[in-house]
Amino acid sequence: MMKFRRTRLLSLALILILAIGMFAGCGKTEEPAAEPETNTAEVPTELMVSLNVGTLKGPTGMGMIGFFDREDELFYVNLYDAPDQIMAALISQELDVAAVPSNVAAALYKKTEGGVKLVGVNTGGVLYLVSNNVDPIADLADLKGKTVYAAGQGGVPEYAFTALMQNAGLEEGDVDVQWVASHADAVSEIAAKGGYALIPEPQVTACKSKAENASVDINLNECWKEAYGFDLAMGVIVARKEVAEQRTADVEYFISQYQASLEGIAADKDAACEKIAEVGIVPAAPIAKAAMSRCNIMLVTDKEAVKGIIEELYGTLLELNPASIGGAMPADDFYFANTADLEALGLNYTTVLNDLMK
């Protein structure tokens, strides 16, 4: 885990401000410059303690790059390698807000007896069916009789892939899915042996750099949208219940700054990718840049839109393996705030980063 923190210098800042004010009084009075317009919310006056924010390496954390090394010290960002680390940090109250896999959010809600709230969806489907040195496929039904290397058993990759194979008319046993320890292992398998792999970005980009004949055959997010009408939500933002209820304005400000982070990426993709690599979210800037268009980075905070996206996924996971979401569908109090509250603040976002970059 990496942490990014700065020491506060409030006393020195106050002295400097007073000194500047004294000297300003001796000179010519000038009209203050107009403040630039911004689409972000004002800093809440009650934001006296910074929010501790957690995120994962990979696409889940890429959209949050604007929070790293902020000068205002309103957010302390913690970068984690694995979802279970973030789960533990939320339960121990080390974190206030975190980006986690979508099924982890529901499992946390159950485990903490309603102790977390879903703030929004920040990562759509990032899974792709990749082939190397074999005939590419155009439809999941074409996988019948073939072997697919994949990681993520017990999580969204397994259950989403299972649901989509069933939707394509495939039955259990039609496809030999070889579950490996990591997405990197799946890449290594087809790079060395050829074949098919179910992998997310940025491993897709890494695979194409290792295997010159690798091709991206199927975007599983498109398959999911065709089957269910919504994005395959793989990453979401949650907040601890007491933070969401007692520091609502702070969470809403966080939402506004997340939107600003996406707009910053769109404004200077190269600089953002350099920073993404620098902090360790993705190993190298060229990989981040090549992968970004397939990372489905987004920000959906409208309550009804979030429910529409996430409940379809949770219903599928509940049918395939109830334990993956804690055994039951979350109740309505799982969802943060309400649409009217966010609209009043101008924070009712439904943004996909690729749309901003057009």
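Just so it is clear, the structure is predicted and the values come from calculations on it, not from any experiment.

Colleague: Please give an account of the packing of aromatic side chains that cites residues and values.
Modeller: Scanning all chains against the criterion turns up ten aromatic pairs. Ring geometry for Tyr109 versus Phe334: centroids 5.1 Å apart, planes at 65°, classification edge-to-face. Pair noted here: Tyr109 is in helix α4 (residues 102-111) and Phe334 is in the loop between α13 (303-320) and α14 (339-344), with a separation of 225 residues, a long-range link. For the pair shown, Tyr109 and Phe334 are each scored as buried. Both rings, one in Tyr314 and one in Phe334, keep their centres 6.4 Å apart while their planes meet at 45°; by these two values the pair is tilted. Highlighted residues: Tyr314 in helix α13 and Phe334 in the loop between α13 and α14, separated in sequence by 20 residues.

Colleague: Please set out the environment of Gly120 residue by residue, giving values where relevant.
Modeller: Following the sequence through the fold, Gly120 ends up in strand β5 (residues 116-123). The exposure class assigned to Gly120 is buried, which follows from its relative accessible area of 0%. Residues Gly120 and Val300 lie 180 residues apart in sequence; the distance between their C-alpha atoms is 5.3 Å. Contact partners of Gly120, with chain neighbours within four places excluded, come to Val236, Ile237, Val300, Thr301 and Val306.

Colleague: Before we move on, can you summarise the layout of surface pockets with the specific residues and values?
Modeller: What the largest pocket holds in volume is close to 880 Å³. Around the largest pocket, the lining is made up of 36 residues, and of these Lys57, Pro59, His183, Pro200 and Gln203 lie nearest the centre. For the lining of the largest pocket, a count of residues per class yields 21 nonpolar, twelve polar and three charged. Space inside the second largest pocket adds up to approximately 320 Å³. As for the second largest pocket, its lining consists of 14 residues, of which Thr162, Met165, Gln166, Glu172 and Gly173 are closest to the centre. Counting only elements with at least two residues in the lining of the second largest pocket, the list comes to α5 (156-167) and β8 (176-179). No other element matches α5, which puts five residues into the lining of the second largest pocket.

About the criteria used
- Residues numbered from 1 in each chain as written.
- Predicted model: local features only at pLDDT ≥ 70, side-chain atom pairs only at ≥ 80, totals over all residues.
- Heavy atoms only, no water.
- Phe/Tyr/Trp six-rings, centres within 6.5 Å; stacked < 30°, edge-to-face > 60°.
- Helix = DSSP H or I, 4+ residues; strand = E, 2+ residues; numbered from the N terminus.
- Buried < 20%, exposed > 50% of the residue type's maximum accessible area, 1.4 Å probe, protein only.
- Contact = heavy atoms within 4.5 Å.
- 1 Å grid on protein atoms, 1.4 Å probe; cavity = no way out; pocket = protein on both sides within 12 Å on 5 of 7 lines; lining within 4 Å.
- Points joined across faces, edges and corners; volume = space filled by probe spheres on them.
- Nonpolar A, V, L, I, M, F, W, Y, C, P; charged D, E, K, R; others polar.

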